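Spelled out, the chains give:
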Amino acid sequence: MTFPFAKGHGTRNDFVVLPDLDGSLHGDLHPALVQRLCDRRGGLGADGVLRVLRGDVDGGAHWFMDYRNADGSVSEMCGNGLRVFARYLADDGLVDEAEPLAVDTRDGIKRVTFCADREISVDMGRARVGGTVRIEVEGRQYDATSVDAGNPHAVVFVDSLDEAGSLHVAPGYQESDFPDGVNVEFVERRGAQLLAMRVFERGAGETQSCGTGACASVAAAAWVREAMPADSSPPQSPLAGGGGGSTTYTVDVLGGSLTVARDDVGHLHLKGPAVLVAHGTWTA
């Protein structure tokens, strides 16, 4: 097969971008092809693949992000990937950076804003905080907070990120809690609105960053009030950010820093860099 690609990253969470505007080039995008593209020895190397498709204009979005994990599995949402997706559209002249952008995803339509500092902000909507679940890593068990940020997450608050261990294998969890798998975040509180995070992503392993994971971590931190300003009111519903006014958090990840702002209606706005580093032709 021969087809064009681009390579990009958001805080070193990296992706292969496949332009396939009418969906005729890659068909169903076979998982084996995704695995080959993401292979860091025999392919291009990436945490996942972003296929660029035209969206349903009548449905409210001109573009659809078809996201696949590195193992070829389908994922509902990817926050860092969505910013890279938007950067590709802008750099390729397909959208105007001066205008807001609507992108359809498996988690619904997301609103994207190109910022003056060349970073990109995405309205990720509300994150739904669930109950307490158990996570096991290297023989140690932790209580975690389950969060639906468009995809499933389990957020573990730790005294030090070293407690996450090597993360060479997936943390253990009850399959009944997460029948479709889960992203696990280990989060260290470093200030009232400053978090540090490591993450093991389903279908990819430990990554340098995770946008939905940053949102899930902020949602969990706000819900348990451990990272909320003392004068803020707690949320009044299971939707994180359902009250308490707007607050901005910084989330430090291995690949850099992201910001997550909770607005006064409970939406989480993920902001960070998105960079394209290469364009080419796949000929393998």
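Below is a summary of the structure that appears in this document. Along each chain, numbering runs from 1 in the same order as the chain's sequence is written. With the structure being a predicted model, the display of local features is reserved for residues of pLDDT at least 70 and the display and counting of side-chain atom pairs for 80 or more, all residues being used for whole-chain, interface and lining totals. Heavy atoms throughout the structure, all of them, feed into the side-chain values; hydrogens and water do not.

## Brief notes about the overall build of the protein
Phase 1: Scanning the protein from terminus to terminus reveals 3 helices and 18 strands.
Phase 2: Taken over the C-alpha trace, the protein has a radius of gyration of 18 Å; the compact-globule value for 284 residues is 19 Å, and the two agree within 12%.
Phase 3: Viewed in the frame of its principal axes, the protein has a C-alpha envelope of about 55 × 45 × 30 Å.
Phase 4: Only the protein chains shown count as cover for residues, and all accessible areas are computed by the Shrake-Rupley method using a 1.4 Å probe. If you sum the accessible surface of the protein, you get close to 11800 Å²; carbon and sulfur atoms cover 46% of it.
Phase 5: Charge counting follows a simple rule: Lys and Arg are positive, Asp and Glu are negative, and His as well as the terminal groups are ignored. The atom standing in for a charge is NZ when the residue is Lys, CZ when it is Arg, CG when it is Asp and CD when it is Glu. The positive charge centre, built from 25 side chains, and the negative charge centre, built from 40, are 2 Å apart in the protein. Every helix listed is a DSSP run of H or I at least four residues long, and every strand listed is a run of E at least two residues long, numbered separately from the N terminus. Taken over C-alpha atoms, the radius of gyration is set against a globule rule of 2.2 Å times the number of residues to the power 0.38.

## Some details on the packing of aromatic side chains
Two measures describe an aromatic ring pair: the distance that separates the ring centres and the angle between the ring planes.
Phase 1: Whether two aromatic rings pair depends on their centres lying within 6.5 Å, for rings of Phe, Tyr and Trp, where Trp uses its six-membered ring; planes under 30 degrees apart make the pair stacked, over 60 edge-to-face, and the rest tilted. Per the stated rule, a full pass over the model turns up 4 aromatic pairs.
Phase 2: Ring centres of Phe-3 and Trp-282 lie 6.2 Å apart, and the angle between their planes is 20 degrees; this geometry places the pair in the stacked category. Of this pair, Phe-3 sits in strand S1 (residues 3-10) while Trp-282 sits in strand S18 (residues 275-282); the two residues are 279 residues apart in sequence, bridging distant segments of the chain. Both residues of the pair, Phe-3 and Trp-282, count as buried.
Phase 3: Summarising the aromatic geometry, the rings of Tyr-142 and Phe-186 are spaced 6.5 Å apart at their centres and angled 80 degrees between planes, so their arrangement reads as edge-to-face. Residue Tyr-142 is located in strand S9 (residues 140-148), and its partner Phe-186 is located in strand S12 (residues 183-191); the two are separated by 44 residues in the primary sequence. Burial here depends on accessible area, computed with a 1.4 Å probe over protein chains only, as a share of the maximum for the residue type. Under 20% is buried, over 50% is exposed, and the range in between is partly exposed.

## Regarding empty space enclosed by the protein
Phase 1: Every definition here rests on a 1 Å grid over the protein atoms only: cavities are sets of points where a 1.4 Å probe fits but cannot get out, pockets are open sets enclosed by protein on both sides within 12 Å along at least five of seven lines, and lining residues have some atom within 4 Å of a point. Grid points are joined across faces, edges and corners, and a volume is the space filled by probe spheres set on the points. Overall, the coordinates contain 2 cavities of 30 Å³ or more when judged by the stated rule.
Phase 2: As a volume, the largest cavity reaches approximately 60 Å³.
Phase 3: Residue assignment for the lining of the largest cavity shows that the elements contributing at least two residues are strand S4 (63-69) and helix H3 (211-223).
Phase 4: For this classification, the nonpolar set comprises Ala, Val, Leu, Ile, Met, Phe, Trp, Tyr, Cys and Pro, the charged set comprises Asp, Glu, Lys and Arg, and every other residue, Gly included, is treated as polar. Looking at the lining of the largest cavity residue by residue, the class counts come to 4 nonpolar, 8 polar and 2 charged.
Phase 5: One number sums up the size of the second largest cavity: a volume of about 40 Å³.
Phase 6: Taken together, Met-124, Gly-125, Arg-126, Ala-127, Ala-149, Cys-215 and Leu-268 form the lining of the second largest cavity.
Phase 7: Taken together, the residues that form the lining of the second largest cavity break down as 5 nonpolar, 1 polar and 1 charged.

## Thoughts on the layout of surface pockets
Phase 1: Reported here for the largest pocket is a volume of approximately 150 Å³.
Phase 2: If you go around the largest pocket, the residues you meet are Arg-40, Ala-46, Asp-47, Ala-70, Ala-204, Glu-206, Thr-207, Gln-208 and Leu-254.
Phase 3: Among the residues forming the lining of the largest pocket, the class breakdown is 4 nonpolar, 2 polar and 3 charged.

## Remarks on the side chain of Asn-151
Phase 1: Mapped onto the secondary structure, Asn-151 falls in the loop between S9 and strand S10 (152-158).
Phase 2: Polar side-chain contacts of Asn-151 include one of 2.7 Å to the side chain of His-153.
Phase 3: For this analysis, a polar contact is any N or O atom pair within 3.5 Å, provided that within protein one partner can donate a hydrogen and the other can accept it, and provided that sequence-adjacent residues contribute only side-chain to side-chain pairs. Among the polar contacts listed, one links the side chain of Asn-151 to the side chain of Thr-212, at a separation of 3.4 Å.

## Describing the state of the cysteines
Phase 1: In this description, the term disulfide denotes a pair of cysteine sulfurs within 2.5 Å. Taken as a whole, this structure holds 0 disulfides when the rule is applied.
Phase 2: Sulfur of Cys-78: no disulfide; nearest cysteine sulfur belongs to Cys-210 and is 6.7 Å away.
Phase 3: The class of Cys-78 is buried, set by a relative accessible area of 4%.
Phase 4: Cysteine Cys-115 shares no disulfide, and the gap to the nearest cysteine sulfur, in Cys-215, comes to 14 Å.

## Concerning H3
Phase 1: For a helix, the expected span equals 1.5 Å multiplied by the number of residues minus one. Between its first and last C-alpha, H3 extends 18 Å over 13 residues, near the 18 Å set by a 1.5 Å rise per residue.
Phase 2: The element H3 is extensively covered by neighbouring structure, given that 12 of its 13 residues are classed as buried.
Phase 3: Along H3, the residues that are buried comprise Gly-211, Thr-212, Gly-213, Ala-214, Cys-215, Ala-216, Ser-217, Val-218, Ala-219, Ala-220, Ala-221 and Ala-222.

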